[in-house]
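# Chains, contacts and geometry: an overview
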Amino acid sequence: MQYLGPARVGAIVLLVSALIGGQTAAQVAVELGELIREVQIGHAGRIKIGHWTPVRIRIDETRLPPGAELELATTDSDAVPVNYRSRPQADSGGWIRGHVWIGRFDAGLTIRLVDSQRQVIASKSWGRLSDSFVVVPATDQVVLRLGAPLNLPPSGTPSRTEQRRLISVDDESQLPTRWFEYDGVDLVIMTTGTTDNIALRMNAEQIDALWKWISLGGRLVLSVGENAEQLVAGGKSLERFGPGPFRRLEALTQADSLEFYAGSAVGQLITDSATQSLKVATFDSVEGTVEVRQGNTSLIHRRSVGLGEIVFVSFDLEQPLIDQWKGNPRLLSRLLGHAGEETGLVKAIANASAVNHGYRDLSGQVRSAGERFRGVSVVTFMLVAALIVLYTICIGPLDYFLLNRVLGRMEWTWVTSTVMMLVFAGAAWTLVQKSKPDKVLVNHTEIVDVDASGNAVRGGVWANIYSPRTQTFDLRLPGNNELGVDLRTRLISAQGLPGDGIGGMDSRTVTRLFRSPYAIELIANADSTTGSVARAPIAVASTKPLFAKWEGQHSWQDLGEVTFQEQGRQLGGSFRNPFGRELRNCVLLYGNTAYRFGECPVGGSLDLNSGSERSLKVYLQAADANAEVARWATADRRIPRVFEMFMFFRAAGGEDFTGLSNSYQNEFDLSEQLALGRAIFVCRIDDFAASPLAMADRKTPPDFDLKTTFVRFVFPVRFVRPSKR
């Protein structure tokens, strides 16, 4: 029997209604087709799998009934069908907006508009998104260019597993209006040199979304020169993006420091000072680090914004003087922060890891660590083989020996064989039952990042749910977590596995265990977005890895401060524990040094001058706090060890040390904040879940097999002079 999907059923219902009312089938088809006029998915038609993706739909607003809902049907990373449901969010010009998490490279997508009775009133489908759009692997670096074209370096090199993808957006209406719509973007580069540049056309909602994305870990390269007074002067739309109060424009006739920065010969940029000059925006009280300075004029600044970073270029990158300069490609490479090519050894280790463990990216090791439950044991092949051999011996030689040589009753073989079969069947059943608990278990690991100089806080939850039988689950994050943070954005999705291994998002091999879709409900308000899961299926004696991200604001007062005396290389200041929980394995990371403190009691404080010092890289590479450097083990499943590397991957040596990339979910690597001169206080709360997934359909909460929360406080550092004696 042929299955009629919701879209077909809705069409039939409308067709019957139309025929009763005197309309023809052709008229109904026209109405269904014309309601959805145009669709935009991702950024300029590029879709990065394993990330939240915006979907914009242009509709005939006059035909959209009140109470209509938007459904986006696709598959998650486990090839399970999932519907993302939300109220259409209105954009200007007859556009509505929704969000979807695409879980596989070969996934399709169906857009449905349904009425209040859940009848389909319009739909549009793609069997494979990759046939109509550019689908980008989860580990590729995405650079979003806003503004005029730039002579950017080639995207990717043959020796790298991941590539860099340049996406250009010139239409401001396509820009994100919510911060998580930048989820798949690694870097935004914005140019503002033209009189009608995109920055001047951005509305307040789009600017706020960009700023919030940066403050929660995003990275922006912003080039402002000629139009600085219209953009970053007092009261202008991008004032907060600048490095300080705008002063004026200046014309430079020498730029040898910029040429040195780009590795170019001196005198190639400005060849004739009488006719050529570089217009530069100047500022008072510049924040952050000045990377390039020409005399007293700073040209390139780098500063932290919350948990993210802004690289501010005080001249227009798209102007002909820069664009035609031979040093321009190297300048852009440095601004984009490109990594070097993999060595042959690193690539070989990564390939070997993919063969042995199924992943090349560190996020795969993070996922694998969370899938191990202490109460769940795996029946090994060797044990099964041993039982088969023993069973064969019992029903063959042993049975013959007992009946022929001992009892002399060969006709009893029907009885003894049956008994042996029942005994071994019972033993096998008992073995399976003993290895699998008869209750739902959860492994919960969470990272909480706190901007100690502001009030922004974000979190990531890696949750694995074990189910002893096939059943469905309703899941959500709490509105207020156990640390007292009001969660304004709560998003839940599958936890994707990068790569083309078994279960990977790029894998072409699909094993479909479930045909019926589950739902992820998204409720969007002016300043919040809440996601919840309805009827997510988990097979018998299986696990379902999920990932949730959240953001909010904290109200903790007087967290302390970090000071540093350069002359004596002495760290100072204090830290106060704001939680009602003991903090363990406390360590402050600053510069190239790790300062270890041990535990911090409930309501207690730490004198930051009392820590024991160790090299930062040695501390991160060591197997435990007191051990020497140990080679990274890609089979390691210890949560503290794996997550410590995940949180400071590049500072620990990156690919050269681990043999793995860290391209998926790399926003949780705060190594760049260390490079920007911030101090990071790291601690762990054992047997504690700050934002536990609530199971709304369960009378009793699930048992946690393991729950660990890591908290990182990012502090600015105040430099002090030595006291006079």
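This text gives an overview of the structure that appears in the document.

Looking now at the overall build of the protein. Helix and strand counts for the protein come out as 16 helices and 36 strands. Burial status across the protein gives 53% buried among its 725 residues. Counting only contacts in the protein whose residues sit at least 6 apart along the sequence, the fraction spanning at least 24 positions is 71%. Working note: accessible area of the protein is about 32400 Å², and carbon and sulfur atoms make up 51% of it.

Take the sheet that holds strand β1 (residues 36-41) next. Here four strands make up an open sheet; going across it, the order is β1-β3-β7-β6 and the pairing antiparallel. The open sheet has two edge strands with one neighbour each: β1 and β6 (89-90). Note: strand β3 (residues 52-59) against strand β7 (residues 95-101), seven bridges, orientation antiparallel. For R58, the partnering residue across the bridge sits in β7 and is W95.

On to the pattern of salt bridges, then. Counted by the stated rule, this structure contains 45 salt bridges. Ionic pairing is found between R128 and D131, a salt bridge with its closest N-O pair at 3.9 Å. The class for R128 is partly exposed, based on a relative accessible area of 33%. Residue class for D131 comes out exposed when judged on its relative accessible area of 61%. Put simply, R165 and D140 hold a salt bridge, and the shortest N to O gap is 2.9 Å. In this pair, R165 is assigned in strand β12 (residues 164-169) and D140 in the loop between β10 (134-136) and β11 (141-146), connecting sequence segments 25 residues apart.

A separate point is the state of the cysteines. Per the counting criterion, the structure on display carries zero disulfides. Here C600 is not cross-linked by a disulfide; its sulfur's nearest cysteine counterpart is in C586, at 5.5 Å.

With five of its six residues buried, β11 lies for the most part within the structure. Sheet analysis places β11 next to β12, joined by six bridges and oriented parallel. Bridge pairing in β12 links V143 to L166.

Note that soluble globular proteins tend to have their nonpolar side chains buried in a common cluster. Counting 126 residues, the largest nonpolar core has I111, M190, F241, F681 and F713 as its most contacted members. Discounting residues that sit within four places of it in the chain, F241 has contacts with I207, L210, W211, I214, L220, L222, R303, I310 and F312. Core analysis: the next-biggest nonpolar cluster, separate from the first, contains 35 residues, L589, Y619, F648 and A651 among them.

Each packed pair of helices is defined by two parameters, the angle between the axes and the distance between the axes. Running from amino to carboxyl end, helix α10 (residues 362-370) crosses helix α14 (residues 639-647) at an angle of 155 degrees, the nearest separation of the two axes being 10 Å. One element, α10, and the other, α14, form an angle in the roughly antiparallel class. Seen from above, α10 lies across α14 with left-handed handedness. Of α14, the residues touching α10 (which contributes L362, Q365, V366, A369 and G370) are I639, V642, F643, M645 and F646. In terms of residue class, the contact of α10 with α14 is built from eight nonpolar, two polar and no charged.

Spatially, β12-β11-β13-β14-β19-β18-β17 is the arrangement adopted by the seven strands of the open sheet, whose pairing is mixed. Both edges of this open sheet fall to β12 and β17 (289-294), since each of them pairs with a single strand only. Each neighbouring strand pair of the sheet contributes to a mean axis angle of 15 degrees, computed without reference to strand direction. Alignment of strand β13 (residues 187-191) against strand β14 (residues 219-223), held across four bridges, turns out to be parallel. For I189, the partnering residue across the bridge sits in β14 and is V221.

Now for helix α4 (residues 204-215). With 12 residues, α4 should reach 16 Å at 1.5 Å per residue; the first-to-last C-alpha distance of 16 Å fits that figure. Burial of α4 is extensive: nine of the 12 residues sit out of reach of the surface. Residues of α4 that are buried include every one of Q206, I207, A209, L210, W211, K212, W213, I214 and S215, and no others. Where α4 ends, the next residue or the one after it, G217, has phi of about 125 degrees, a positive value.

Okay, the packing of aromatic side chains next. Evaluated as defined, the whole model comprises 27 aromatic pairs. With a centroid separation of 5.3 Å and 80 degrees between ring planes, the pair formed by W462 and F643 is classed as edge-to-face. On the criterion of sequence distance, the pair formed by W462 in strand β21 (residues 456-467) and F643 in helix α14 is long-range, its members being 181 residues apart. Judged by relative accessible area, F643 falls into the buried class, the value being 0%. Ring-pair connections join several aromatic residues into one group, and the members of that group are W556, F575, F579, F597, F681, F713 and F715. The ring of Y261 has R334 lying over it, and the distance from NZ or CZ to the ring centre is 4.0 Å.

All right, on to the environment of I685 then. Position of I685 among the secondary structure elements: in strand β33 (residues 679-686). A residue is classified by how much of its surface remains accessible, and I685, at 1% relative accessible area, is buried. Taking the C-alpha atoms as reference points, I685 and R584, separated by 101 residues in sequence, lie 6.2 Å from one another. Each residue touching I685, except ones within four places of it in the same chain, is listed here: F579, R581, E582, L583, T708, T709 and V711.

Conventions adopted
- Residue positions are given per chain, counting from 1 as you read along its sequence in written order.
- At least 70 in pLDDT is required for a residue's local features to be given in this predicted model, at least 80 for side-chain atom pairs to be given and counted, and no such filter applies to totals for whole chains, interfaces and linings, which use all residues.
- Only hydrogens and water are set aside; all other atoms, that is, all heavy atoms of the structure, feed into the side-chain values.
- Numbering of helices and strands runs from the N terminus, with a helix taken as a DSSP run of H or I at least four residues long and a strand as a DSSP run of E at least two residues long.
- The buried label goes to any residue with under 20% of its type's maximum accessible area, the exposed label to any with over 50%, and the partly exposed label to all in between, with areas taken from a 1.4 Å probe on protein chains only.
- The contact criterion used throughout is that any non-hydrogen atoms of two residues lie within 4.5 Å.
- Values of accessible area rely on a 1.4 Å probe in the Shrake-Rupley scheme; residue burial ignores everything except the protein chains shown.
- Pairing between strands requires that DSSP locate at least two bridges from one strand to the other.
- One speaks of a salt bridge when a side-chain nitrogen belonging to Lys or Arg is within 4 Å of a carboxyl oxygen belonging to Asp or Glu.
- Only a pair of cysteine sulfur atoms within 2.5 Å counts as a disulfide in this structure description.
- Nonpolar core, defined: a set of buried Ala, Val, Leu, Ile, Met, Phe, Trp, Tyr and Cys residues in which side-chain atoms within 4.5 Å join the residues together.
- In this description, a line fitted to the C-alpha atoms serves as the axis of each element, helices being fitted only across the stretch in contact, and the angle between N-to-C directions of two axes falls anywhere from 0 to 180 degrees.
- An angle below 35 degrees is treated as roughly parallel, one above 145 as roughly antiparallel, one from 65 to 115 as roughly perpendicular, and anything else as oblique.
- By definition, any crossing whose near helix is turned counterclockwise from its far helix by less than a right angle is left-handed, and any crossing with a clockwise turn is right-handed.
- In this count, Pro and Cys sit with the nonpolar residues alongside Ala, Val, Leu, Ile, Met, Phe, Trp and Tyr, while Asp, Glu, Lys and Arg are called charged and the others, Gly among them, polar.
- Expected span of a helix: the number of residues minus one, times 1.5 Å.
- Between rings of Phe, Tyr and Trp, where Trp is taken as its six-membered ring, a pair exists when centres lie within 6.5 Å; planes separated by under 30 degrees are stacked, by over 60 edge-to-face, and by other angles tilted.
- For a lysine, the NZ atom is tested; for an arginine, the CZ atom; a charge sits over a ring if that atom is within 6 Å of the ring centre and within 35 degrees of the ring normal.

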